[in-house]
Amino acid sequence: MDLSGQSQELTPPRKRVTGAIVLRRFTQSIKDNGGDEQVYPEVINEETLELFDCDVKDLYEQTGGKPGYRDTLPQPAQEAYMVNESLSANELERHIGSIGGESQDEVNAQIKAVVREQSKQTRKWLPW
Amino acid sequence: MVRASPYTRMKLQELKRRTRQVWEALNTWKGGVVLQPENFDKEVKGIGDRRYKKTWIKALARFKAAQLHRSCLDAWTLITISFNYHPDRWDYEYRYEIVDEFLLYPEGLELIKAGLEQIFSTDDFSHQEREDTHGFLRLLEEREAQHRGISIAVGPQRAIAGTHTAA
């Protein structure tokens, strides 16, 4: 509201989108679907296997990256994660409200299935 | 006040089920396929006598630590997600064993340090994300107290002095 008492429409703050911002949207979409802390490393493992044919540990070893620091991976690998996490977040956001089950295990399994399927699709567009 | 975890003193049958589940996550390959499921029994047997609960606790901790080590893409998520223990988690009861096993990896301590550094030495993390370090910081505080032989009351809301200023 301004000094004359008129309400002003708020413009949401915008900034340049980075891989870190995309990753946060991805992790939030997992939480919003009811995913717990157990599913998170499993999701990361599944997307990595589908995108790169190896696990995270091997990806760091084979590319000379520093484990735990995603920004030390080669640019194409970082881009692949960023694209896949953006698309997977879209898919997971679309599923909010429809993912469910009798147990946490079932919810986690459904989240993994969504990410696995999206990762398979993303892989088709990658040059390797 | 300490909230009782629904999984405190997990029954052996449930512990075995969880251990199997974690082992399968560790051995998952493309397409969600679990590699060589027949190896599970062999690996647990290699850890100890399968009639004893302590063997299964050791197996659970070892497999969980291996899974986290295998899939640690961003070190900070170890702190804010995987090691952010709270009493409602099924693995809360075994948090010390899991972290201890993780620290047996040569890079284990480095990954934890990297995670804390990423969170507290940059401006990229939200207040909530920094709050999500409390589960891990509390665990450290409990361990330290144990080593000093001091019993402390640890509740979910307990804040660690200096947490907010560490940034």
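Further up the page is the structure itself.
Here the structure is a predicted model, which means the values were calculated and not measured.

Asks: What should I look at first to understand the overall build of chain B in this one?
Replies: In terms of regular secondary structure, chain B is built from eight helices and two strands. Helices (α) and strands (β) of chain B occur, in sequence order from the N terminus, as α-β-β-α-α-α-α-α-α-α. Looking at chain B as a whole, 49% of its 167 residues are labelled buried. For chain B, the proportion of contacts with a sequence separation of at least 24, taken over those separated by at least 6, is 62%. When the accessible surface of chain B is split by element, carbon and sulfur atoms take 53% of a total near 8700 Å².

Asks: Would you take a moment to explain the overall build of chain A for this structure?
Replies: Of the regular secondary structure elements, chain A holds five helices and zero strands. Relative to a compact globule of 128 residues, whose C-alpha radius of gyration would be 14 Å, chain A shows 18 Å and is clearly more extended. With the principal axes as the frame, chain A shows a C-alpha extent of 60 × 40 × 25 Å. Contacts in chain A between residues far apart in sequence, at least 24 positions, make up 62% of those at least 6 positions apart. Accessible surface, chain A: about 7200 Å² in total, of which carbon and sulfur atoms supply 52%. When the 15 positive and 22 negative side-chain charges of chain A are each reduced to one mean point, those points stand 6 Å apart.

Asks: Looking at this model, I keep getting lost on the interface of chain B and chain A. Mind explaining?
Replies: Where interface size is given, it is often the accessible area lost as the parts come together that is meant. With 35 residues of chain B in contact, the opposing surface of chain A contributes 30 residues. Buried surface at the junction of chain B and chain A, both sides included, amounts to about 2700 Å², of which 53% is carbon and sulfur. If you sort the residues of chain B by the area they bury against chain A, Lys30, Arg70 and Leu73 of chain B come out on top, with a joint share of 26%. Salt-bridge contacts for arginine 70 of chain A lead to aspartate 74 of chain B; the nearest nitrogen and oxygen are separated by 2.8 Å.

Asks: What is the right way to read unusual backbone geometry from this model?
Replies: Keep in mind that most residues, glycine aside, have a negative phi and that most peptide bonds are trans. One non-glycine residue with positive phi stands out, namely aspartate 53 of chain A, at about 60°. Tracing the backbone shows aspartate 53 of chain A in the loop between α2 (39-52) and α3 (56-63).

Asks: Sorry, what's going on with the packing of helix α1 (residues 12-26) of chain B against helix α3 (residues 53-70) of chain B here?
Replies: Angle between the axes and distance between the axes: these two values describe a pair of packed helices. All names here are of chain B. Contact geometry of α1 with α3 gives a least axis separation of 9 Å together with a crossing angle of 25°. When the axis of α1 is compared with that of α3, the two are roughly parallel. Crossing handedness for the pair α1 and α3: left-handed. Contacts between α1 and α3 involve Leu12, Leu15, Lys16, Arg18, Thr19, Val22, Trp23, Ala25 and Leu26 from the former and Lys53, Trp56, Ile57, Ala59, Leu60, Phe63, Lys64, Ala66, Gln67 and Arg70 from the latter.

Asks: Looking at this model, I keep getting lost on the pattern of salt bridges. Mind explaining?
Replies: Pairing between side chains of opposite charge can happen when their charged atoms approach one another. Under the defined criterion, the tally for this structure stands at 26 salt bridges over all chains. With its nearest N and O atoms 3.1 Å apart, the salt bridge here joins glutamate 14 of chain B to arginine 17 of chain B. With glutamate 14 of chain B and arginine 17 of chain B both in helix α1 and three residues apart, the pair spans about one turn of that helix. Residue classification places arginine 17 of chain B among the partly exposed positions, given a relative accessible area of 38%. Note that glutamate 110 of chain B is salt-bridged to lysine 113 of chain B, the shortest N-O span being 3.4 Å. In this pair, glutamate 110 of chain B and lysine 113 of chain B are both assigned in helix α6 (residues 108-120), three residues apart and thus about one turn of the helix distant. What you see here is one network of salt bridges that share partners, running through Asp105 of chain A together with Glu14, Arg17 and Arg18 of chain B.

Asks: Help me understand the environment of proline 87 of chain B, please; the structure alone is not making it clear to me.
Replies: All names here are of chain B. Relative to the helices and strands, proline 87 resides in the loop between α4 (75-82) and α5 (95-103). Relative accessible area serves as the criterion here: at 4%, proline 87 is assigned to the buried category. Along the primary structure proline 87 and glycine 135 are separated by 48 residues, whereas in three dimensions their C-alpha atoms are 9.4 Å apart.

Asks: In this structure, what is going on with the environment of leucine 137 of chain B? I would like to understand it.
Replies: Among the secondary structure elements, leucine 137 of chain B is positioned in helix α8 (residues 134-148). Along the sequence, leucine 137 of chain B and phenylalanine 83 of chain B sit 54 residues apart, while their C-alpha atoms lie 9.2 Å from each other.

Asks: It is not clear to me how α2 of chain A should be interpreted in this structure. Could you clarify?
Replies: Every α-helical turn comprises 3.6 residues, leaving residues that sit three or four positions apart pointing alike. Residues and elements named next belong to chain A. Look at α2: 20 Å from first C-alpha to last across 14 residues, which is about the 20 Å you get at 1.5 Å a residue. With 14 of its 14 residues buried, α2 lies for the most part within the structure. Just past α2, the residue aspartate 53 takes up positive phi, approximately 60°.

Asks: Just to check I follow, could you spell out the packing of aromatic side chains for this structure?
Replies: For any pair of aromatic rings, the description rests on two quantities: the centre-to-centre distance and the angle between the ring planes. All names here are of chain B. Scanning the model with the defined rule gives 10 aromatic pairs over all chains in all. Aromatic side chains phenylalanine 40 and tryptophan 56 sit 6.1 Å apart centroid to centroid with 45° between the ring planes, which places their arrangement in the tilted category. With a gap of 16 residues between them, phenylalanine 40 in helix α2 (residues 39-47) and tryptophan 56 in helix α3 connect regions that are remote in the sequence. For the residue pair phenylalanine 40 and tryptophan 56, the accessibility class agrees, reading buried in each case. On the numbers, 6.3 Å between centres and 25° between planes, the contact of phenylalanine 83 with tyrosine 85 is stacked. Both residues of the pair, phenylalanine 83 and tyrosine 85, belong to the buried class. Here the aromatic cluster, defined as three or more aromatic residues joined through ring pairs, consists of Phe83, Tyr85, Phe102, Tyr105 and Phe136.

Calculation rules
- Each chain carries its own residue numbering, running from 1 in the direction its sequence is written.
- Labels are handed out in written order, letters beginning with A for the chains and numbers beginning with 1 for the ligands.
- Under the rules for a predicted model, residues below a pLDDT of 70 receive no local features and side-chain atom pairs below 80 are neither given nor counted, while totals for whole chains, interfaces and linings still include all residues.
- Neither water nor hydrogens contribute to the side-chain values; these are computed over all heavy atoms in the structure.
- Helix numbering and strand numbering both begin at the N terminus, where a helix is a DSSP run of H or I of at least 4 residues and a strand a DSSP run of E of at least 2.
- Burial classes follow relative accessibility: with a 1.4 Å probe on protein chains only, a residue under 20% of its type's maximum area counts as buried, one over 50% as exposed, and anything between as partly exposed.
- The contact rule is simple, with two residues in contact once any of their heavy atoms fall within 4.5 Å.
- For the area figures, the Shrake-Rupley method with a 1.4 Å probe applies, and any residue is considered shielded solely by the protein chains shown.
- For the radius of gyration, the atom set is restricted to C-alpha positions; the globular benchmark scales as 2.2 Å times the number of residues to the power 0.38.
- The charge count treats Lys and Arg as positive and Asp and Glu as negative. His and the chain ends do not count.
- The location of each charge is read from NZ of Lys, CZ of Arg, CG of Asp or CD of Glu.
- Note: buried area is the sum, over both parts, of the accessible area (probe 1.4 Å) each one loses when the two are combined.
- By definition, a salt bridge exists where a carboxyl oxygen of Asp or Glu is found within 4 Å of a side-chain nitrogen of Lys or Arg.
- Each axis is a line fitted through C-alpha atoms, taken for helices only over the stretch in contact, and angles between the N-to-C directions span 0 to 180 degrees.
- Our angle categories are set so that under 35 degrees counts as roughly parallel, over 145 as roughly antiparallel, 65 to 115 as roughly perpendicular, and the remainder as oblique.
- Left-handed describes a crossing whose near helix is turned anticlockwise from the far helix through less than a right angle; right-handed describes the clockwise counterpart.
- By this rule the span expected of a helix is its residue count minus one, scaled by 1.5 Å.
- Pairing of aromatic side chains here covers Phe, Tyr and the six-membered ring of Trp, requires ring centres within 6.5 Å, and sorts the geometry by plane angle: under 30 degrees stacked, over 60 edge-to-face, intermediate tilted.

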